[in-house]
Amino acid sequence: MKDILMIHTGGTISMLENKETGEVNSTGEHPLTDIAGHFRHTANIHEKIALNLPSPQMTPHHMLQLAKTVKENYSNHDGVVITHGTDTLEETAYFLDLVLGTEKPVILTGAMRSSNEIGSDALYNLISAVRVAADHRAGGKGVLVVMNDEIHTAANVTKTSTSNVATFQSPQQGPIGSITKETVLFHHPVFPRKTKSVGKISKKVFLLKAYAGMSRDIFEALLHTDIDGLVIEAFGQGNLPKETVEPLAKLLDKGIPVVLVSRSYQGVVQPTYGYRGGGKELYKMGVIFSNGLTGPKARIKLLIELEKTSNFSVLQESFKEQ
Ligand SMILES: NC(=O)C[C@H](N)C(=O)O
């Protein structure tokens, strides 16, 4: 049997519902007691409580710490399962995917309903995650997310519903595998990815979302703020309101790298439109176009890259990678 390390970080999967108030919160302990008992026939489980945080409180510093914990424990285990709140699970998964170069399976999972709620997906997702972590075919695919009988890559997965247990989806390509009662199936290959090494997270990167009528004010404010980088979720193929162009150009002149992603659910940004604020103009100004990442994930990538360089060409190449 495989030796699987289970690292808990908190989130609904580690919470219980108060039956009187309906409130869901941590009790300070992991509620899935007798964890090892559930996996008697699947794997030997070794548990570690790294954090006990609702995931809105997760920061890139915690993610870096988690990466170090995983690295320190790789060699004595065949795979790792990390339990995590679903709100920022995709950011932690992507952070780990960028910085961990392992060939061993690293799986993140969580739950939409805490362990004592009716129809809880907590124990079910945990068991599924362990089954995938114990499967040698899950290795070499980067960090994976297992939820609701599906296997997703860290780069593509995103939380799409506030409460539905089928919340995690990969809008660009769908899941790469599925889990049935009998088996774990992989039906899509995963492209090789470049691993980044990072020793600290010290930069300040903001994320803005475009909206109809967005004015120059927020960009003006950023000109007077201490920032190292900016990610903008632009419209469609990568367009912004014309009013934002001038202050955006000033931010670029100050040497602040600006990465563009789309606020659309699917597709990539590209320099198509030639009108004022259109992608063509933004591209010529030196805005970096990302290849299909969501805003929060592009921000994670920029935070990591900026520890090494703020060189435009290097960043542009990095954001072209899958
Ligand atoms: N389902 C969840 O885990 C949501 C919770 N708010 C968290 O991210 O910690």
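Residues numbered from 1 in each chain as written. Predicted model: local features only at pLDDT ≥ 70, side-chain atom pairs only at ≥ 80, totals over all residues.

The chain has the name asparaginase in an unreviewed UniProt entry, where Virgibacillus xinjiangensis is given as its organism. Per UniProt, the comment on the chain under Sequence similarities (unreviewed entry) is "Belongs to the asparaginase 1 family." If you open the UniProt record of the chain and go to Catalytic activity (unreviewed entry), you find "L-asparagine + H2O = L-aspartate + NH4(+)". (UniProt positions renumbered as here; feature names shortened; annotations may be inferred.)

Participant: So what exactly am I meant to see when it comes to the overall build of the chain here?
Facilitator: Counting its secondary structure elements, the chain contains nine helices and 16 strands. For 322 residues, the compact-globule estimate of 2.2 N^0.38 gives 20 Å, and the chain sits close to it at 21 Å. Here the C-alpha coordinates of the chain stretch approximately 60 × 45 × 35 Å along the principal axes. Counting only residues that meet the buried cut, the chain has 43% of its 322 residues in that class. When contacts within the chain are restricted to residue pairs at least 6 apart in sequence, long-range pairs at least 24 apart make up 73% of them. (Helix = DSSP H or I, 4+ residues; strand = E, 2+ residues; numbered from the N terminus. Rg over C-alpha atoms; globule rule 2.2 N^0.38 Å. Buried ≥ 20, exposed ≤ 12 C-beta atoms within 10 Å, placed from the backbone. Contact = placed C-beta atoms within 7 Å.)

Participant: What am I meant to see in the UniProt feature "domain: Asparaginase/glutaminase C-terminal" (unreviewed entry) in the chain here?
Facilitator: The positions UniProt marks with the feature "domain: Asparaginase/glutaminase C-terminal" (unreviewed entry) are residues 204-319. Summarising residues 204-319: 37% helix, 16% strand, and an end-to-end C-alpha distance of 18 Å.

Participant: Got a minute to help me understand the domain arrangement of the chain in this structure?
Facilitator: Frequently, the measure chosen for interface size is the accessible area that the parts lose on association. Under the domain assignment used here, the chain contains domain 1 (2-186) and domain 2 (205-320). Counting residues at the interface gives 10 residues for domain 1 and 10 residues for domain 2. In terms of residue count, the dominant contributor to the side of domain 1 that touches domain 2 is helix α3 (residues 89-99) (six residues). Tallied by class, the residues present in the side of domain 1 that touches domain 2 amount to six nonpolar, two polar and two charged. (Domains from an automatic or database assignment. Nonpolar A, V, L, I, M, F, W, Y, C, P; charged D, E, K, R; others polar.)

Participant: For this particular structure, what's the right way to read helix α2 (residues 60-73)?
Facilitator: Note that an α-helix has 3.6 residues per turn; residues three or four places apart therefore point the same way. Counted at 1.5 Å a residue, the expected span for α2 with its 14 residues is 20 Å, and the 20 Å between its end C-alpha atoms agrees. For α2, the set of buried residues is Pro60, His62, Met63, Leu66 and Val70. Take α2 and look down its axis: the buried residues cluster within an arc of 150 degrees, on one side only. Exposed positions of α2 whose direction lies more than 90 degrees from the buried face are His61 and Glu72. (Expected span 1.5 Å × (residues − 1). Arc of directions from axis to C-beta.)

Participant: Would you take a moment to explain the pairing of strand β7 (residues 143-147) for this structure?
Facilitator: Consecutive residues of a regular strand have side chains that alternate between opposite faces of the sheet. For β7, the buried fraction is high: five of the five residues fall into the buried class. Both faces of β7 are covered, namely the face carrying Val143, Val145 and Met147 and the face carrying Leu144 and Val146. One ladder, built from four bridges, connects β7 with strand β8 (residues 150-153); its direction is antiparallel. Bridge pairing links leucine 144 to threonine 153 in β8. Between β7 and β8, which pair antiparallel and follow one another directly, the connecting turn spans two residues, one of which, asparagine 148, has a positive phi of 55 degrees. (Pairing = 2+ DSSP bridges.)

Participant: Hey, could you run me through the sheet that holds strand β14 (residues 229-234) in this one?
Facilitator: Strand pairing in a sheet is mediated by backbone hydrogen bonds. Such pairs are either parallel or antiparallel. Judged by pairing direction, the sheet is parallel, and its four strands sit side by side in the order β13-β14-β15-β16 without closing on themselves. With partners counted over all chains shown, the strands left at the sheet margins are β13 (205-209) and β16 (288-289), one partner each. Across five bridges, the pairing between β13 and β14 is parallel. From the neighbouring strand, phenylalanine 206 faces β14, where its bridge partner is leucine 230. The sheet contacts of helix α8 (residues 295-306) involve β13, β14 and β15 (258-262), and relative to β13 the element is tilted by about 155 degrees. (Axes fitted to C-alpha atoms, helices over the stretch in contact; angles between N-to-C directions.)

Participant: Teacher, can you tell me more about the site of the ligand here?
Facilitator: In the vicinity of the ligand, the contacting residues are Gly11, Thr12, Pro54, Ser55, Gly85, Thr86, Asp87, Gly110, Ala111 and Met112. Looking at the shell around the ligand residue by residue, the classes come out as three nonpolar, six polar and one charged. (Near = placed C-beta within 6 Å.)

Participant: What exactly am I supposed to notice about the confidence of the model for the chain here?
Facilitator: Segments scoring low in pLDDT should not have their predicted coordinates read at a detailed level. Averaged over all residues, the pLDDT of the chain is 95; the fraction at 70 or higher stands at 98%. Overall fold confidence (pTM) sits at 0.97, and the ipTM for the predicted complex is 0.98. (pLDDT = per-residue confidence, 0-100.)

Participant: I keep staring at unusual backbone geometry and nothing clicks. Help me out?
Facilitator: Comment: phi is negative for the bulk of residues other than glycine, and the bulk of peptide bonds are trans. At asparagine 148, a residue that is not glycine, the phi angle is positive and equals roughly 55 degrees. Within the element layout of this structure, asparagine 148 appears in the loop between β7 and β8. Although it is not a glycine, aspartate 149 sits at a positive phi angle of roughly 65 degrees. Residue placement: aspartate 149 occurs in the loop between β7 and β8. Under the C-beta neighbour-count criterion, aspartate 149 is labelled partly exposed, with 17 such atoms within 10 Å.

Participant: Help me out: how do you make sense of the sheet that holds strand β5 (residues 79-83) in this one?
Facilitator: In space, the eight strands of this open sheet follow the order β4-β1-β5-β6-β7-β8-β11-β12, with mixed pairing throughout. The open sheet has two edge strands, β4 (43-49) and β12 (184-186), and neither has a second partner. The average undirected angle you get between the axes of adjacent strands in this sheet is 25 degrees.

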